[in-house]
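Residue-level structural notes
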Amino acid sequence: MAREQDSQMNIQWYPGHMTKTRRMIQAELKHMDAVCEILDARLPLSSRNPDVGELTAGKPRLIILNRTDLADAAATKQWAAWFRARGCAVLEVNAKAGQGVNRFAPAVRELLADKLLAYAEKGQTGRVIRVMILGIPNVGKSTFINQVAGRRIAKAEDRPGVTRGKQWVPVDRTLELLDTPGMLWPKFDDPQVGMRLAYTGAVRDEIIDTETLACHLMEYLGRRYPQALLERYKVEAEESDTGYTLLEKAGRKRGFVLRGGEIDTGRMAKILLDEFRAGRLGRFTLELPEDMEAEHG
Ligand code: G4P
């Protein structure tokens, strides 16, 4: 089954479009002072295109942990520390509500303090700083850019065959953003990555069977956030429970019983995913730095 899911998830991986975006990034990079990667705070590494680090190596880097309103606050702190330890500047943001976005311009200037000082010493005080914005589709790039720029900017087009693939967005007199199309899909080689993206709705539902997905999510929640299952579904997660038995227990509590006494786990699966995505179960992070070390050594 894992292999089947894997190949289905690869439907999302568009090599042609990716190549175009990569070329554009490479060509523009020399004009950039810094790169800003927007990640989903609930799954920072799974929502990252792994090639981006290599592609933009050597550039000062600002990481935006977006959707902090949906993530586990303690886990967001852990991730922020993890990225800082790797030399990145980090901002915790809720782009939808505009929280944290006013720290963007000062954070960029702090990140580039040495360079700005060198410019100032040469008398070049008005030089424009250019920052490339990168992120996978639907991570919140447009929402973030609109907030930072203080107005609605048309989306850099994601569709193939559309020529306007990038655009400049002025933030103030000396700071400009380069918006890039969200073609930078993460890699789905690791089924866990595809699964976590699917929980959040970042990949289309038909990519993976809803019930299978809900079972995996239940298992994770039962292990890491049992209190949430107790509060929302009155389900007590026990050591012996699997994702499926937890789904059954929740379905039973909700009264989703089919003729013959069987639990309608399909219906419960859909409700779990809808409620999870709407933030009704609480705030969760789907991977922690320690998981990454356990998974990838
Ligand atoms: P993109 O350019 O990277 O493709 O992403 P975009 O800004 O279009 O954002 C995708 C969805 O994520 C939008 O929801 C947006 O509102 C939501 N979003 C962005 N940042 C945050 C955040 O920090 N917190 C939360 N909770 N949501 C965020 P949508 O349903 O597609 O549109 P809308 O109805 O919210 O406008």
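Note that this is a predicted model, so its numbers are computed, not measured. For every chain, the first residue of the written sequence is number 1, and numbering continues from 1 along that sequence. Since the coordinates come from a predicted model, pLDDT governs what is reported: local features require at least 70, and pairs of side-chain atoms require 80 or more to be given and counted, while whole-chain, interface and lining totals use all residues. The basis for the side-chain values is all heavy atoms of the structure; hydrogens and waters are excluded.

1. Comments concerning the packing of aromatic side chains
- The criterion for an aromatic pair is that two Phe, Tyr or Trp rings (for Trp, the six-membered ring) have centres within 6.5 Å, with stacked assigned to planes under 30 degrees apart, edge-to-face to planes over 60 apart and tilted to the rest. Here the structure, examined in full by the defined rule, presents seven aromatic pairs.
- For the ring pair Phe276 and Phe284, a centre distance of 5.6 Å and an interplane angle of 15° mean the geometry is stacked.
- You can call Phe276 buried: its relative accessible area is 4%.
- A relative accessible area of 3% means that Phe284 is categorised as buried.
- Put simply, the rings of Tyr220, Tyr225, Phe276 and Phe284 pair up and form one aromatic cluster.
- To sit over a ring, a charge needs its Lys NZ or Arg CZ within 6 Å of the ring centre and within 35 degrees of the ring normal. Directly above the ring of Trp82 sits Arg86, whose terminal nitrogen or CZ lies 3.8 Å from the centroid. Relative accessibility under 20% of the residue-type maximum defines a buried residue, over 50% an exposed one, and the middle range a partly exposed one, all with a 1.4 Å probe and only protein chains included.

2. Quick word on the site of the ligand
- Working definition: residue near molecule or strand if any one of its non-hydrogen atoms lies within 4 Å of it. For the ligand, the set of nearby residues contains 15 residues, the closest of which are Arg67, Asp69, Lys141, Ser142 and Thr143.
- Each polar contact in these results corresponds to two N or O atoms within 3.5 Å; when the atoms are within protein, one needs to be able to donate a hydrogen and the other to accept it, and residues that are neighboring in sequence are counted only if both atoms are side-chain atoms. Between Arg67 and the ligand, the recorded distance is 2.7 Å, taken from a side-chain N or O atom to an oxygen atom.
- Lys141 is positioned with one of its backbone polar atoms (N or O) 2.8 Å from an oxygen atom of the ligand.
- Here the open area of atoms and residues is found with the Shrake-Rupley method and a 1.4 Å probe, where only the protein chains shown may cover a residue. The protein chains hide 68% of the 710 Å² of surface that the ligand would expose on its own.

3. Some words on the side chain of Thr174
- Secondary structure elements are taken from DSSP: a helix is a run of H or I of four residues or more, a strand is a run of E of two residues or more, and numbering for both begins at the N terminus. Relative to the elements of secondary structure, Thr174 occurs in the loop between β5 (167-172) and β6 (175-179).
- Engagement of the side chain of Thr174 in a polar contact is seen with the side chain of Arg109, the distance being 2.8 Å.
- What Thr174 contacts, discounting residues up to four positions off in sequence, is Arg109, Gly126, Arg127, Val128 and Ile129. Two residues qualify as a contact provided that any one of their heavy atoms is within 4.5 Å of a heavy atom in the partner residue.

4. Comments concerning the pairing of strand β2 (residues 61-66)
- Among the six residues in β2, six count as buried, and that is most of the element.
- Of the pairings in the sheet, the one linking strand β1 (residues 34-40) to β2 comprises six bridges and is parallel in character. In the strand pairing of β2, Cys36 is matched with Leu62.
- Taken together, the four bridges between β2 and strand β3 (residues 89-92) define a ladder with parallel strand orientation. What sits directly across from Leu62, in β3, is Ala89. Should DSSP find at least two bridges between two strands, the strands are regarded as paired.

5. Side note on the pattern of salt bridges
- Each reported salt bridge corresponds to a side-chain nitrogen of Lys or Arg within 4 Å of a carboxyl oxygen of Asp or Glu. Summed over all chains, the structure comprises 18 salt bridges.
- Across the salt bridge formed by Arg67 and Asp40, the nearest N and O atoms sit 2.9 Å from each other. Placement of Arg67 in the loop between β2 and α4 (73-85) and of Asp40 in strand β1 is noted, with a sequence separation of 27 residues between them.
- Residues participating in the shared-partner salt-bridge network are Glu37, Arg48 and Arg61.

6. A look at the sheet that holds β5
- Spatial strand order, β3-β2-β1-β4-β6-β5: six strands in an open sheet with mixed pairing. Both edges of this open sheet fall to β3 and β5, since each of them pairs with a single strand only. Averaged over all pairs of adjacent strands, the angle between their axes in this sheet comes to 25°, without regard to strand direction.
- Across five bridges, strand β4 (residues 129-134) lies against β6 in parallel orientation. The partner of Val131 across the bridge, within β6, is Leu177.
- Helix axes use the C-alpha atoms of the stretch in contact, all axes being lines fitted to C-alpha atoms, and the angles between their N-to-C directions lie in the range 0 to 180 degrees. Against the sheet, helix α5 (residues 104-111) contacts β1, β2, β3, β4, β5 and β6, and its axis sits at roughly 150° relative to β2.

Everything listed here is a matter of geometry and, on its own, says nothing about what the molecule does.
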